[in-house]
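# Examination of the molecular architecture
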2 protein chains.
Amino acid sequence: MSALLERPAMDITSLFDVVGDILKTVRQEGDASLRQYEERFDHAILSNLSVTEEEMVAAEHSVDEDLKVALQQAHSNIATFHEAQRFQPIKVTTCQGVTCRQKSVAIEKVGLYIPGGSAPLFSTVLMLATPARIAGCSQIVLCTPPRPDGSIHPAILYAARLCGVTHIFKVGGAQAIAAMTFGTESIPKVDKIFGPGNQYVMAAKQMATLYDVAIDMPAGPSEVAVIADHTADPSFVAADLLSQAEHGPDSQVILISDSEDLILAVNEEISRQIQNLPRRSIAEKALSHSVAILAHHLEEAVAISNQYAPEHLILSVADYPVWSERITCAGSVFEGRWSCESAGDYASGTNHTLPTKGYARSFGGLCLDSFMRKMTFQELSEEGILTIGKTVMAMAGQEGLEAHRNAMQVRYDKIKQIKE
Amino acid sequence: MSALLERPAMDITSLFDVVGDILKTVRQEGDASLRQYEERFDHAILSNLSVTEEEMVAAEHSVDEDLKVALQQAHSNIATFHEAQRFQPIKVTTCQGVTCRQKSVAIEKVGLYIPGGSAPLFSTVLMLATPARIAGCSQIVLCTPPRPDGSIHPAILYAARLCGVTHIFKVGGAQAIAAMTFGTESIPKVDKIFGPGNQYVMAAKQMATLYDVAIDMPAGPSEVAVIADHTADPSFVAADLLSQAEHGPDSQVILISDSEDLILAVNEEISRQIQNLPRRSIAEKALSHSVAILAHHLEEAVAISNQYAPEHLILSVADYPVWSERITCAGSVFEGRWSCESAGDYASGTNHTLPTKGYARSFGGLCLDSFMRKMTFQELSEEGILTIGKTVMAMAGQEGLEAHRNAMQVRYDKIKQIKE
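Right, let's walk through the structure included here. This is a predicted model, so every value here is computed, not measured. (Residues numbered from 1 in each chain as written. Chains lettered and ligands numbered in written order. Predicted model: local features only at pLDDT ≥ 70, side-chain atom pairs only at ≥ 80, totals over all residues. Heavy atoms only, no water.)

## A closer look at the overall build of chain A
Inclusion rule: Numbering goes from the N terminus for both helices and strands, where a helix is a DSSP run of H or I of at least four residues and a strand is a run of E of at least two. Here's how the labels work: a residue is buried when its accessible area is under 20% of the maximum for its type, exposed when over 50%, partly exposed in between, all with a 1.4 Å probe on protein chains only. Any two residues having at least one pair of non-hydrogen atoms within 4.5 Å are treated as being in contact. Only the protein chains shown count as covering a residue, and every accessible area follows the Shrake-Rupley method with a 1.4 Å probe. Positive charges come from Lys and Arg, negative ones from Asp and Glu, while His and the chain ends are left out of the count. To locate a charge, take atom NZ for lysine, CZ for arginine, CG for aspartate or CD for glutamate.
A count of helices and strands for chain A gives 16 helices and 13 strands. Along the first, second and third principal axes, the C-alpha atoms of chain A reach 90 × 60 × 45 Å. Buried positions account for 64% of the 420 residues belonging to chain A. The long-range fraction of contacts in chain A, counting pairs at least 24 apart against all pairs at least 6 apart in sequence, stands at 74%. Approximately 15400 Å² of chain A is accessible, and the part contributed by carbon and sulfur atoms is 49%. Each charge class in chain A was averaged separately, 34 positive and 51 negative side chains, and the resulting centres sit 10 Å apart.

## Some remarks on the packing of aromatic side chains
Residue and element names in this part refer to chain A. What counts is decided by this rule: Classification of ring pairs uses Phe, Tyr and Trp, with its six-membered ring standing for Trp, and accepts pairs whose centres are within 6.5 Å; under 30 degrees between planes counts as stacked, over 60 as edge-to-face, and the remaining range as tilted.
Applying the stated criterion across every chain yields a total of 10 aromatic pairs over all chains. Taking 5.7 Å as the distance between ring centres and 5 degrees as the angle between the ring planes, the aromatic pair formed by Tyr-37 and Phe-41 counts as stacked. Of this pair, Tyr-37 and Phe-41 both sit in helix α2 (residues 31-42), separated by 4 residues, roughly a single helical turn. For Tyr-37, a relative accessible area of 9% gives the class buried. Given the relative accessible area of 38%, Phe-41 is considered partly exposed. Ring centres of Phe-194 and Phe-371 lie 4.1 Å apart, and the angle between their planes is 10 degrees; this geometry places the pair in the stacked category.

## Describing the pattern of salt bridges
Note the cut-off: We define a salt bridge as a side-chain nitrogen of Lys or Arg found within 4 Å of a carboxyl oxygen belonging to Asp or Glu.
For the structure on display, the rule yields 37 salt bridges over all chains. A salt bridge links Glu-325 of chain A to Lys-103 of chain B; the nearest nitrogen and oxygen atoms lie 3.8 Å apart. In this pair, Glu-325 of chain A sits in helix α13 (residues 320-325) while Lys-103 of chain B sits in strand β2 (residues 98-106), so the two residues belong to two different chains. According to the relative accessible area criterion, Glu-325 of chain A is partly exposed, its value standing at 49%. With a shortest N-O distance of 3.2 Å, Asp-212 of chain B and Lys-357 of chain A are connected by a salt bridge. Of this pair, Asp-212 of chain B sits in the loop between α8 (199-208) and β7 (214-215) while Lys-357 of chain A sits in the loop between α14 (341-346) and β13 (372-380), placing the two residues on different chains. Classification of Lys-357 of chain A as buried rests on a relative accessible area of 14%. Each of Arg-101 and Lys-103 of chain A together with Glu-325 and Glu-335 of chain B takes part in salt bridges that share partners, so that together they form one network.

## Details of the environment of Glu-382 of chain B
With respect to the element layout, Glu-382 of chain B can be found in helix α15 (residues 382-398). Residue Glu-382 of chain B is classed as partly exposed on the basis of its relative accessible area of 33%. Spatially, the C-alpha atom of Glu-382 of chain B lies 9.8 Å from that of Lys-416 of chain B, the residues being 34 residues apart in sequence. Leave out the neighbours within four places in its chain, and Glu-382 of chain B touches Trp-338 of chain A together with Ile-415 and Ile-418 of chain B.

## Some thoughts on the side chain of Ser-305 of chain B
All names here are of chain B. Tracing the chain through its elements places Ser-305 in helix α12 (residues 298-308). Judged by its relative accessible area of 1%, Ser-305 falls in the buried class. Non-local contacts of Ser-305, meaning those with residues more than four positions away in its chain, are made with Ile-227, Ile-256, Pro-310, Leu-313 and Cys-329.

## Regarding the nonpolar core
Worth spelling out the cut-off: To form a nonpolar core, buried Ala, Val, Leu, Ile, Met, Phe, Trp, Tyr and Cys residues must be joined to one another through side-chain atoms within 4.5 Å.
Residues Val-110, Leu-112 and Phe-371 of chain A together with Met-395 of chain B are the most contacted members of the largest nonpolar core, which totals 70 residues. It is helix α5 (residues 122-135) of chain A that provides the largest number of residues to this core, a total of 9 residues. Apart from the residues lying within four places of it in its own chain, the contact partners of Val-110 of chain A are Ala-132, Cys-137, Gln-139, Ile-140, Val-141, Val-190, Lys-192, Phe-194 and Phe-371 of chain A. In terms of nonpolar packing, the next biggest core, distinct from the first, is built from 69 residues, Val-63, Leu-112, Leu-128 and Ala-135 of chain B among them.

## Concerning the relation of the copies chain B and chain A
Short version of the rule: When the copies are superposed, the least-squares fit takes in the C-alpha atoms of residues with a pLDDT of at least 70 in both.
Superposing chain B onto chain A takes a rotation of 180 degrees plus a shift of 0.0 Å along the axis, which leaves an RMSD of 0.0 Å. When the rotation and shift are considered jointly, the pair of chain copies conforms to a two-fold rotation axis. A share of 100% of the interface residues of chain B reappears at the interface of chain A, consistent with the copies meeting face to face through the same patch.

## Things to note about the packing of helix α15 (residues 382-398) of chain A against helix α16 (residues 402-419) of chain A
Residue and element names in this part refer to chain A. Heads up, the rule is: To obtain an axis, a line is fitted to C-alpha atoms, over the contacting stretch when the element is a helix, and the angle between two such axes runs from 0 to 180 degrees between their N-to-C directions. Working rule for handedness: look at the near helix, and if it is turned counterclockwise from the far one by less than a right angle, call the crossing left-handed; if clockwise, right-handed. Charged means Asp, Glu, Lys or Arg here, nonpolar means Ala, Val, Leu, Ile, Met, Phe, Trp, Tyr, Cys or Pro, and polar covers whatever is left, Gly included.
Here α15 crosses α16 at 145 degrees, and the two axes come no closer than 9 Å. Handedness of the crossing formed by α15 with α16: left-handed. Seen from α15, the contacting residues are Glu-382, Ile-385, Leu-386, Gly-389, Lys-390, Val-392, Met-393, Ala-396 and Gly-397; seen from α16, they are His-404, Arg-405, Met-408, Gln-409, Arg-411, Tyr-412, Ile-415, Lys-416 and Lys-419. Counted by class, the contact of α15 with α16 contains 8 nonpolar, 4 polar and 6 charged residues.

## Describing the sheet that holds strand β12 (residues 332-335) of chain B
For sheets, the rule is that strands pair by backbone hydrogen bonds, running either parallel or antiparallel. As a reminder of what qualifies: Here a strand pair is declared whenever DSSP counts at least two bridges between the two strands.
Strand order in the open sheet made by the 8 strands is β1(A)-β2(A)-β13(A)-β12(B)-β11(B)-β8(B)-β9(B)-β10(B), with mixed pairing throughout. A strand with exactly one partner marks an edge of an open sheet, and here the two such strands are β1 (90-95) of chain A together with β10 (291-294) of chain B. Ignoring strand direction, the axes of neighbouring strands in this sheet form an average angle of 20 degrees. Where β1 of chain A lies against strand β2 (residues 98-106) of chain A, 5 bridges are found, and the strand directions are antiparallel. From the neighbouring strand, Lys-91 of chain A faces β2 of chain A, where its bridge partner is Arg-101 of chain A.

## Examining the interface of chain B and chain A
To be explicit about the condition: Buried surface area refers to the total accessible area, computed with a probe of radius 1.4 Å, that the two partners give up upon joining, counted for both partners together. The term polar contact refers here to a pair of N or O atoms within 3.5 Å; inside protein, the definition further demands a hydrogen-donor-capable atom paired with an acceptor-capable atom, and it admits residues adjacent in sequence only when both atoms are side-chain atoms.
The partner chain A presents 121 residues to the 121 residues of chain B that form the contact. Summed over both sides, the interface of chain B with chain A buries roughly 10300 Å², with 57% coming from carbon and sulfur. Between the two partners, chain B and chain A, sit 14 salt bridges. The interface formed by chain B and chain A includes 74 residue pairs in polar contact (both at pLDDT 80 or more). Tallying contributions element by element places helix α16 (residues 402-419) of chain B first for the side of chain B that touches chain A, with 11 residues. Looking at the side of chain B that touches chain A, its residues break down into 59 nonpolar, 37 polar and 25 charged.

## Overview of helix α4 (residues 65-83) of chain A
Just so we agree on the cut-off: Take the number of residues in a helix, subtract one, and multiply by 1.5 Å to get its expected span.
Relative to the 27 Å expected for 19 residues at 1.5 Å per residue, α4 of chain A spans 26 Å between its end C-alpha atoms, a close match to the ideal helical length. Considered for burial, the residues of α4 of chain A that qualify are Leu-67, Lys-68, Ala-70, Leu-71, Ala-74, His-75, Asn-77, Ile-78, Ala-79, Phe-81 and His-82 of chain A.

## Quick notes on the sheet that holds β7 of chain B
Residue and element names in this part refer to chain B. Pairing is parallel in the open sheet, where 5 strands are placed in the order β5-β4-β3-β6-β7. Taken across any chain shown, the strands that pair with only one partner, and hence form the sheet edges, are β5 (167-169) and β7. Of the pairings in the sheet, the one linking strand β3 (residues 109-113) to strand β4 (residues 139-143) comprises 5 bridges and is parallel in character. When the sheet's bridge partners are listed, Gly-111 is paired in β4 with Val-141. Helix α7 (residues 173-182) contacts β3, β4 and β6 (192-194) of the sheet and is inclined by roughly 175 degrees relative to β3.

## A few points about the environment of Val-165 of chain A
Residues and elements named next belong to chain A. Counting through the fold element by element, Val-165 comes out in the loop between α6 (154-163) and β5 (167-169). Taking C-alpha positions, Val-165 is 29 Å from Glu-223, a pair spaced 58 residues apart along the chain. Residues within four places of Val-165 in sequence aside, it is in contact with Leu-112, Ala-129, Ile-140, Leu-142 and Ala-160.

## Points about the side chain of Glu-38 of chain B
Along the chain, the position of Glu-38 of chain B falls in helix α2 (residues 31-42). Buried charge without a partner: Glu-38 of chain B forms no salt bridge, and the closest opposite charge is Lys-170 of chain B, 10 Å away.

## Comments concerning the pairing of strand β11 (residues 312-316) of chain A
All names here are of chain A. With respect to burial, β11 is a largely interior element, 5 of its 5 residues being buried. Judged by which residues are buried, β11 turns out to be covered on both faces: His-312, Ile-314 and Ser-316 on one side and Leu-313 and Leu-315 on the other are all buried. Summarising the sheet, strand β8 (residues 223-228) and β11 pair through 5 bridges and their orientation is parallel. Paired with Ala-228 across the bridge in β11 is Ser-316.

Here's what the structure looks like:
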């Protein structure tokens, strides 16, 4: 079973040399190097790296009304769900005279990377910028590669304004990550970098963590697992598998079912639906290394899925509320036949930035917390010193840290002195 | 001001070659290589890498009663505070027919690294294992270097059992990180690695993130900032600064005050107290690159501290509840004259694994969340399809992802068909 579920190995370390050079160059040469890289990689000649107010206004006019309404509804749902994730401060008296608190504070400066390529990923703008704004990040910097004419797709700009992005720059690839890591004349240095990208962007993010910048999470190709029983609609399941397969030739698509009939029917539906897809050749490549697994029963199907730790998991089974409780490892779970992955990719309200490549074992998807930090506080009263003073002194003494012990001792002695 | 607050540069990339070799060797050769490294680096010849039940029982008998009582109280306070951090599941109807949920699930397998060296860091065992147990991690693996006679300090073993560690191994350094990253015949592969260590351990943790393992956070030398006004007790402040200075020659110690008299008095106290410290030469080295900053007023003092983003911040000022609210960037805050850092290092209940090196700008300290992952769930009813179906289809269509659009379309059509 493990072999069946093995993901293709991906080694970004081979890119560290070329990406390391880009990081070094941008660090030393700033904006000038960004302009050169943009000319070389994106074939765009830029006089100004930042998007102007005129471009923003023009974008607002050129996005069609249907898409605006859609972006607004998606934004509203994403905002509602992430707003509900607000952390309530905690205050606990751990023992007499000792009070501990925990509260959550926004990360001040965040950098969002939105890839270019064939499609304008305005949905990712919503997914990154909406929680950043709710968290209260004061600088929300967005970098995205320009088109050869030096412009940014208007829907990206419209989404960015809708969500409260504060700075938008026309820079892509590893050079964008470098710019947000070190800062340049135009682009502010940020505290944490978010967003998807190709392997160069991934490698750059990984390397950036060596230079006092945090990143959201490591990433690999996108994945879906579908657990389906005999009640599932084969046309729905086929459509869900294809929606993942069209992402890229390296996408992972897994069907797990206790019904052989269902698996056969889904395969038939896939053959039918794939005919009409514009991204058919990509989907075919992804499907060529995908698997359908016939499980003895749903219990086994769930165990297989938990072991695989899929980024997305669709539960197309009759008793989905029961089985959903048994899911211990997945990025996001889609419950029941009506819950397609694309609902969550765009508009249900959950975040679509999720752990791939088995990282669901150790990471959750992006959420409000990802844009905040938790700080702790403690206050000891005089009584608190008497309650835990001896414990602190005993432990510090035995760890051989005399000055640690003494910081408590001077206080302990003072209180004893006052009390006498 | 920025120059005053500059931290010494630390570049662990120079260690990547030697650490990369260790990772590769442990991955290929497993336990046998661990035994060789232990002989070479820790001068211990081990027949068995795991700690036996006899060793655990012997440890229990040899730890003195005062220390046991202290460890129990510290453990109880840490457990109380981290238990209070339990995440309550969230369930939100984002729009008609669309329900989103978020819940928190324990990371299954965690690895805790406890450094060796001059002092047995049993306090760090409490800080890592207590929240791991409360989170519900099913495998809690602890690696720590053996002493030359092949034994582990009994207080480490006692603390490990107290907190519910499930596996203890006698392995240290980069080889321990490698073992937990890849797994060996004896040592299980884990999902996330926690704990402090020297630069080799840090470099190994950083490299481990390339192999599907998560780590707690990057780390640098320990730090304290003290903001003190004229009401502060100079002997307390001096003791606090020294408790940080004794950690290591690279420790960062900063005093910020609006009172020149207080700064002078603290300096005098430091000269007095340092005489009696066993780790005096270490503390002197740390103090040689430390600074006291005379601020115009407390407002400025707080701004300086927020800019520096200290790991620990002690507020020894009269109005500390007011100023504490203004702190936006620090790992853990110690409020008022009685709250020494060593209280939090050992026993107040907060976690002592905190962001150093300015990482408080993007990371919080360890907390219950660090041992868990958040998963999201969404359920669409038929009504939900009608509510957000058009939005999803519009966005997917404009992003050029036809199969994404179709996964919604097949459901939308089915419902329209049912309704007719």
